Amino acid sequence: MASVSYHISSLLEKMTSTDKDFRFMATNDLMMELQKDSIKLDEDSEKKVVKMLLKLLEDKNGEVQNLAVKCLGPLVGKVKEYQVETIVDTLCTNMLSDKEQLRDISSIGLKTVISELPPAATGSTMTANVCKKITAQLTGAISKQEDVSVQLEALDILSDMLSRLGGTLYSFHSSILTCLLPQLTSPRLAVRKRAIIALGHLVLTCSGNIFSELTEHLLAELKRNESTSTTRTYIQCVAGISRQAGHRIGEHLEKIIPLIVQYCNVDDDELREYCFQAFESFVRRCPKEMDPHISSVMGLCLKYITFDPNYNYDNEEEEEEMMETENGEDEEQESDDEYSDDDDISWKVRRAAAKCLEAIVSSRHDLLQDFYRTLSPALISRFKEREENVKADIFNAYISLLKQTLPTQSWLHSSDASGKDDVPLTMLQNQVPNIIKALHKQLKEKSIKSRQGCFSLLTELASVLPGCLADHIPALIPGIVFSLADKSSSSNMRIDTLSFLHVLLCNHQPEVFHPHVKALLPSVVTCIGDPFYKITSEALLVTQQLVKVIRPLDKPCTFDAKPYVKDLFPGTLKRLKAADIDQEVKERAISCMGQIIYNLGDHLSTDLQPTLKIFLERLKNEITRLTTVKALTLIASSPLKIDLRPILGEGLPILASFLRKNQRALKLSTLNALDILVKNYSDSLKPAMIEAVLTELPVLITENDMHVSQVTIMFLTTLAKVYPSCISKISGSVLAEIFQLVHSPLLQGGALNAIIDFFQALVLTKTAAMGYPELVKQLTGPVYSSGSAGASLTLHKQAYHSIAKCVAALSSACPKEAPATVNQFVQDVKSPKSSPAVQVLAFLFLAEVGRTTNLSAQRELRAVILEAFSSPSEEVKSAASYALGNVSVGNLKEYLPFMLKEIGSQPKRQYLLLHSLKEVISCSPADSLTPYVEDIWALLFKHCECTEEGTRNVVAECLGKLTLVNPAELLPRLRKQLSAGSPHARSTVVTAIKFTITDQPQPIDALLKGCIDDFLQTLQDPDLNVRRVALALFNSAAHNKPSLIRDLLSTVLPSLYNETKVRRELIREVEMGPFKHTVDDGLDVRKAAFECMYTLLESCLDRLDIYDYLNHVEDGLKDHYDIRVKAGSVKQEFEKQDELKRSAMRAVAALLTIPEVEKSPAMAEFSSQIRSSPEMASLFESIQKDSASLPTSESMDMS
């Protein structure tokens, strides 16, 4: 401690030196000290440091002053509160001084201090006290209006404080308002502007009363309309407030809009510009309240977007022709004298109108068709705008319109009724010729900005409507070539042109470009040689696409590509050889050359081998190896049968070594490459090469990475087919890993199918060591050795399914061996000595085989299965039920009537038999079930009122899946049942509908869309349980097929929000011995409601009123603050409560990903509420982590 204070006092001494360098260095050292976290100052040092720094603020040397100000920041956190107050007092007094320099430096000082104050949430009182001090002084300085520059600084600092610590100044809000409002009429425009900014920050945190006071004042002043200049200011202020706290101004819009509309018609360009800016912020911030006014605002925008009183567009057509004949320079010069453009600001009005249109387009997806009727032609006609800045905004508005039209490319909407979404696209298709007509001449204009605008608009157009420009290619090519070859083009201009060209080539048929290749190629090839790496890399992408266009290999093509090879190849080769270029260029050169060899390899003659040698070099380089592996995969799959022998000898061992590398993408690409090579080049590979690869494979088969395992096993399958002899040599080590994988609980889906294919290929190689009996023995071994009859299952349930599937696959590959295996398993089931594990495996195997083959030869099978229904082991029972269902699929005639009879007559076995029935309905093809539908339906309806919820769920699933067999007839029957029957029957019917919704398109979709609202009416059902299953149905629809419910949201949401409320009447007290304990029966329903809200965020965000939505999320979080679970309460309740909180939190986490959400006061208060409670905060963090890790796992599954 002593040493610190000693060190500091020596610094302070140097600061009093007469030499400015000493003072500078000492202050710099002090700053370094203050920035250390460890430093602690005693009271005396604090006083001295503060006093010294304040004195240095008035130093004669500017650099010393600047450093002293910088020291204040770190100092604030290190000294006691009263010292901070001293600093602030001094700075505020200095702000009022006569010396300008001191004023400036003090205002910087105050800003520094404010930015360093701890936020109010940390609970320190310092911030509040310091802010009060500053505020009082600032409002005083602002109100005095003596010196404008003091006022400006003070307003600036006040805005800073309000934006960072608005909530802390709560008590001052009304005095701040009183001080700011008069400034809006200040003679100095700069003062007005800063006052508007400060008001914008004030409305973020002020109370409702203050907000109303402010809006009342603004409205009154707008009505008074004292002078145009003040009216302008007030309109700017309204726009500013709406930008900062838009939703709050919503309720006043009814009064505000008519006034602003009225001012649009006053002949004052600046005023009009501000009116449109206000409209724009209303449209973006209060979409709901603006709804009734959209059409009038749009009308005004369309009127004023053409507002150009001083320019005549009518004679444009003739003028253009004249300009083309003579150079047209002379006439422009004459016109300059008559009228100068400098005082014409009408372009600002047009620009504001265009921006406002952009806001309307991007926020009102529902009006698309109207936009294409009225707005699109109007915008297209304005592409001729003469003012660059305005033109850019008109382009932006149109691009925004195109983006709104882009069909949503996700599985969620793929099943939507196609009719509705196509209308805008058809309308757009009809307007394409006009767009091109308006743009194609501009592609050759001098102005780079407008050319870039054209290209970005065309790029968007080509992506939204692939193929739409096919007829217009001749009009576009000259513009493209011009921009690529033009010496004056900036590099960005070329990059934009190339990227448009790339999109164009990707989205159109090759034939349309063939006539233009001659014109296009030279300029693209020149760009490959451009010194700027970004242009080169774009040009290589385009070239890669061009190669596919010149010679498409997937269809017959008459175009002769040979003459162009000499242009394409050398340019790309030069880039491929260069070692000292940008990484991205290297990679794209490799990909591009790969494409050239794939499509044009037969035209390269002697150049081919040297080029392949370069690929070999690139394989050896760590940076380029992945791209090269992908390029080689492409080349190896070429239908031109490129001769790769010269590089295989050296290349294959390199590829084999990549399988050891710790880079997942590299392993996967290498396996793909090897697979293609083995398939297409089997005659050129020597067994020794193959064996080098084989030794690397066993390690790759592991449950830690299922996808790599799957690709490895697929490669092994290829090997087993192409080189059966090699496989036998390593079968031991590979098979050991594969058996391990089959017994893993994680195996499913793609990897399991790959293993099944591999086993089938392996058995067919007929190698002795790995024949049918041996493989079956290895697969089933662990189950048989698992111990006595009493032991439970040793492997995981999933492993039994995997083993059964593999053995069944082997049987189907060796039909001779199959009957013996089936017999063996039937005997196993009968034998009293068999352990439950063996019985489970046997039943699953019989299920797999029985599904595809008729097992009627096994006479005793049925009796054996039914006997197992009374087995003591639950696992055996469910396996037997599964087997009965699947065996019935292979032999409906014999088994199904029997099963239906049993369900009716055997109440004890009913649940298991229903499960079997579910298997039958799920796995049988629709036409084979048709004769039995009526019987099954009648039987199921007998059981839909069963009191046992588990049974009801199975009945519901059977009903739902059965409905899919004949939706036109059965769906109306389900609908009838809604009005009949008990609550149990209703809940069964609603759940049945849930099972008819799948994420794939189905014939039932159109019918469902018509009647799903009847089923969703049950959200208002008096019975709690029915409401819960209705929510589950709604959630399933929102998740799997949003198109079903999108248009019903307006009627469904109120019922949904209703379920998020706590119902006091559902909370009851239960006495448990000496303790009382509350049970809330409504918890599950509330949880289901929040899950639905979460799903809607993902699938129907555009149809939600976010503020309304947020209120309910907020209530959901308060829900559990209040229910302080009583002291003796049971832990389960806690966990349920936590689940509910998690559901609500997930919805919040999703909302917080919306940009700028933290500006909303509701959200800000809400996040601080979450953060202030430690348990909430940790819960929230864990949810955020969960959601952050989600996308990666999803993308893995996709692969």
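So, how was this worked out
Residues numbered from 1 in each chain as written. Predicted model: local features only at pLDDT ≥ 70, side-chain atom pairs only at ≥ 80, totals over all residues. Heavy atoms only, no water. UniProt positions renumbered as here; feature names shortened; annotations may be inferred. Helix = DSSP H or I, 4+ residues; strand = E, 2+ residues; numbered from the N terminus. Contact = heavy atoms within 4.5 Å. Areas by Shrake-Rupley, 256 points an atom, 1.4 Å probe, with all protein chains shown as cover. Axes fitted to C-alpha atoms, helices over the stretch in contact; angles between N-to-C directions. Left-handed = near helix turned anticlockwise from the far one by under 90°. Nonpolar A, V, L, I, M, F, W, Y, C, P; charged D, E, K, R; others polar. Phe/Tyr/Trp six-rings, centres within 6.5 Å; stacked < 30°, edge-to-face > 60°. Buried < 20%, exposed > 50% of the residue type's maximum accessible area, 1.4 Å probe, protein only. Lys NZ or Arg CZ within 6 Å of the ring centre and 35° of its normal.

- The name given to the chain in an unreviewed UniProt entry is Cullin associated and neddylation dissociated 2 (putative), and the organism recorded there is Serinus canaria.
- Looking at the chain in UniProt, the text filed under Sequence similarities (unreviewed entry) is "Belongs to the CAND family."
- Annotation of the chain in UniProt includes, under Subcellular location (unreviewed entry), the sentence "Nucleus".

## Remarks on the overall build of the chain
- Scanning the chain from N- to C-terminus turns up 59 helices and 2 strands.
- The contacts of the chain with a sequence gap of at least 6 include a subset with a gap of at least 24, amounting to 74%.
- In the structure as shown, the chain presents an accessible area of about 53800 Å², 53% of it carried by carbon and sulfur atoms.

## Observations regarding the packing of helix α29 (residues 562-577) against helix α30 (residues 583-600)
- The contact between α29 and α30 brings their axes to 9 Å, and the two run at 145°. Helix-helix and strand crossings are classified by hand; for α29 and α30 the assignment is left-handed. Touching Val565, Leu568, Phe569, Thr572, Leu573, Arg575 and Leu576 of α29 are Val585, Ala589, Ile590, Cys592, Met593, Ile596 and Leu600, all from α30.
- Class assignment of the residues belonging to the contact of α29 with α30 gives a composition of 12 nonpolar, 1 polar and 1 charged.

## Here's the deal with the packing of aromatic side chains
- By the definition in use, this model includes 9 aromatic pairs.
- Ring plane angle 80° and centroid distance 5.6 Å describe the contact between Phe383 and Tyr398, whose orientation is recorded as edge-to-face. Placement of the pair is Phe383 in the loop between α20 (368-381) and α21 (388-405) and Tyr398 in helix α21, with a sequence separation of 15 residues. In this structure, Phe383 and Tyr398 share a single accessibility class: buried.
- Both rings, one in Phe455 and one in Phe500, keep their centres 5.4 Å apart while their planes meet at 35°; by these two values the pair is tilted. Of this pair, Phe455 sits in helix α24 (residues 448-464) while Phe500 sits in helix α26 (residues 491-507), placing them 45 residues apart in sequence. Here Phe455 and Phe500 have matching classes, each one buried.
- Its guanidinium or amino end placed over the ring of Phe307, Arg272 lies 4.8 Å from that ring's centre, counting from NZ or CZ.
- A cation over a ring is seen here: Lys994 above Phe995, with NZ or CZ 5.5 Å from the ring centre.

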